[in-house]
Amino acid sequence: MSKASNFITGRIRGCGYALKGALILLKTEPSIQVQAVIAIIMTALGFYMNITATEWILQTFAIGLVMSIEGLNTTVEAIADFIHPDFHNKIGFIKDIAAGAVFIAAIVAVVVGCIIYVPYLF
């Protein structure tokens, strides 16, 4: 096989692993499941309110940000639990920081949602 063929095959395989990971996340993590439902509701609301292209971009980025950071948070927690399954203050600290990142992303998403939808409602 040529280098180009190996490169393309590797990228396709990598996409498969990424899709598998996303599906595992959606099937096993309640917080991502809740966020996916919220994303569906906000997407439906966007169609209903006929938001602008710029608003769609902001909403899509906000949804993607929250769900991506939640995925990273889940990963950090899984690694921390694997490395040190018993309670440890430092592990708790690491998990709290990862959860804090999700919280910040969620607050930003709520602000973006308010900026987009409040003018449509009032």
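K.L.:
Could you clarify how one ought to interpret the packing of aromatic side chains in this entry?
P.N.:
What characterises a pair of aromatic rings is the spacing of the ring centres plus the angle enclosed by the ring planes. Inspection of every chain in the model, using the stated rule, returns one aromatic pair. Ring centres of Phe47 and Trp56 lie 4.8 Å apart, and the angle between their planes is 50 degrees; this geometry places the pair in the tilted category. Classification of Phe47 by relative accessible area gives exposed; the value is 62%. The ring of Phe7 carries Arg11 above its face, with NZ or CZ at 4.7 Å from the centroid.

K.L.:
Any chance you could explain a nonpolar patch on the surface here in plain terms?
P.N.:
On the surface, Leu65, Phe103, Ile104, Ile107, Val108, Val111 and Ile115 cluster together to form a nonpolar patch covering roughly 640 Å² of accessible area. Of the residues forming the nonpolar patch, the biggest block, six residues, is contributed by helix H4 (residues 89–121). Within the element layout of this structure, Leu65 appears in helix H3 (residues 53–83). The exposure class assigned to Leu65 is partly exposed, which follows from its relative accessible area of 36%.

K.L.:
Explanation requested: the packing of helix H2 (residues 30–49) against H4 in the structure shown.
P.N.:
Any two packed helices are characterised by the angle at which their axes cross and by the distance between the axes. Direction vectors running N to C along H2 and H4 enclose 20 degrees, while the axes themselves pass 12 Å from each other. Between H2 and H4, the interaxial angle falls into the category roughly parallel. Between H2 and H4 the crossing geometry is left-handed. Listed contacts from H4 to Gln35, Met42, Leu45, Gly46 and Met49 of H2 are Val102, Tyr117, Tyr120 and Leu121. Tallied by class, residues from the contact of H2 with H4 come to seven nonpolar, two polar and no charged.

K.L.:
How do you make sense of the environment of Ile115 when you look at a structure like this?
P.N.:
Relative to the helices and strands, Ile115 resides in helix H4. Look at Ile115 and you get exposed, because its relative accessible area is 57%. Sequence-wise, Ile115 and Leu58 are 57 residues apart; in three dimensions their C-alpha atoms are separated by 9.9 Å.

K.L.:
Just checking my understanding: could you explain H4 for this structure?
P.N.:
Every α-helix winds through 3.6 residues per turn, so residues three or four apart in the chain are directed the same way. Compared with the 48 Å implied by 1.5 Å per residue over 33 residues, the 46 Å span of H4 between its first and last C-alpha is a close match. Of all the bends found along H4, the most pronounced is centred on Ile115 and spans about 30 degrees, while Pro119, a proline, follows it within four residues. Check the buried side of H4 and you find it contacts H2 and H3.

K.L.:
What's the story with the side chain of Gln35 in this structure? I'm lost.
P.N.:
Here Gln35 lies in helix H2. Beyond its immediate sequence surroundings of up to four residues, Gln35 is in contact with Val66, Met67, Glu70 and Val102.

K.L.:
How should the nonpolar core be read in this particular structure?
P.N.:
The tendency in soluble globular proteins is for nonpolar side chains to be buried as a group. Core analysis: the biggest nonpolar cluster contains six residues, these being Met49, Ile51, Ala62, Val112, Ile116 and Tyr117. No other element matches H4, which puts three residues into this core. Ignoring sequence-local partners within four residues, the contact set of Met49 consists of Tyr117, Tyr120 and Leu121.

K.L.:
What's the story with the environment of Thr54 in this structure? I'm lost.
P.N.:
By the secondary structure assignment, Thr54 is in helix H3. Considered as a pair, Thr54 and Ile116 are 62 residues apart in the sequence and their alpha carbons are 9.7 Å apart.

Rules and cut-offs
- Residues numbered from 1 in each chain as written.
- Predicted model: local features only at pLDDT ≥ 70, side-chain atom pairs only at ≥ 80, totals over all residues.
- Heavy atoms only, no water.
- Phe/Tyr/Trp six-rings, centres within 6.5 Å; stacked < 30°, edge-to-face > 60°.
- Buried < 20%, exposed > 50% of the residue type's maximum accessible area, 1.4 Å probe, protein only.
- Lys NZ or Arg CZ within 6 Å of the ring centre and 35° of its normal.
- Patch = residues over 30% accessible without salt bridge, like charges linked within 9 Å, V, L, I, M, F, W, Y side chains within 5 Å.
- Areas by Shrake-Rupley, 256 points an atom, 1.4 Å probe, with all protein chains shown as cover.
- Salt bridge = Lys/Arg side-chain N within 4 Å of Asp/Glu carboxyl O.
- Helix = DSSP H or I, 4+ residues; strand = E, 2+ residues; numbered from the N terminus.
- Axes fitted to C-alpha atoms, helices over the stretch in contact; angles between N-to-C directions.
- Parallel < 35°, antiparallel > 145°, perpendicular 65-115°, else oblique.
- Left-handed = near helix turned anticlockwise from the far one by under 90°.
- Contact = heavy atoms within 4.5 Å.
- Nonpolar A, V, L, I, M, F, W, Y, C, P; charged D, E, K, R; others polar.
- Expected span 1.5 Å × (residues − 1).
- Bend = angle between axes of the 7 residues up to and from the residue.
- Core = buried A, V, L, I, M, F, W, Y, C linked by side-chain atoms within 4.5 Å.

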